[in-house]
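# Structural features, examined
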Amino acid sequence: MTNNDARHRRFDTWTIGLQYWNHPVKGQWQLNYRIRDLSAPNNDVADQVGESMGNEIGLQYFFLFKNVALR
């Protein structure tokens, strides 16, 4: 809400990621690190919430099943 200074928030997120494909298995590992920031320049309570918000790390495994027709 950029038209109301008291409700204005700015969210910034930067993501750094790594991917590893293991082809014989048809699987993928994905590791992401998210640097998050929230600022509320005209609202002290919302700015305190933004300061308490931390970064995130995520690990995900993707497995591709072979498509087989059922008979």
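In this text, all values refer to a predicted model and were calculated from it rather than measured experimentally.

## Let's talk about the overall build of the protein
Summing up its helical and strand segments, the protein has 1 helix and 3 strands in all. Counting from the amino terminus, the protein carries its helices and strands in the arrangement β-β-α-β. Over its C-alpha atoms the protein spans a radius of gyration of 20 Å, topping by over 25% the 11 Å that the globule rule assigns to 71 residues. Burial statistics for the protein: of 71 residues in total, 11% are counted as buried. The long-range share in the protein, meaning contacts at least 24 apart out of those at least 6 apart in sequence, stands at 47%. Entry remark: accessible area of the protein is about 6400 Å², with carbon and sulfur atoms responsible for 55%.

Thresholds, definitions, all that
- Residues numbered from 1 in each chain as written.
- Predicted model: local features only at pLDDT ≥ 70, side-chain atom pairs only at ≥ 80, totals over all residues.
- Heavy atoms only, no water.
- Helix = DSSP H or I, 4+ residues; strand = E, 2+ residues; numbered from the N terminus.
- Rg over C-alpha atoms; globule rule 2.2 N^0.38 Å.
- Buried < 20%, exposed > 50% of the residue type's maximum accessible area, 1.4 Å probe, protein only.
- Contact = heavy atoms within 4.5 Å.
- Areas by Shrake-Rupley, 256 points an atom, 1.4 Å probe, with all protein chains shown as cover.

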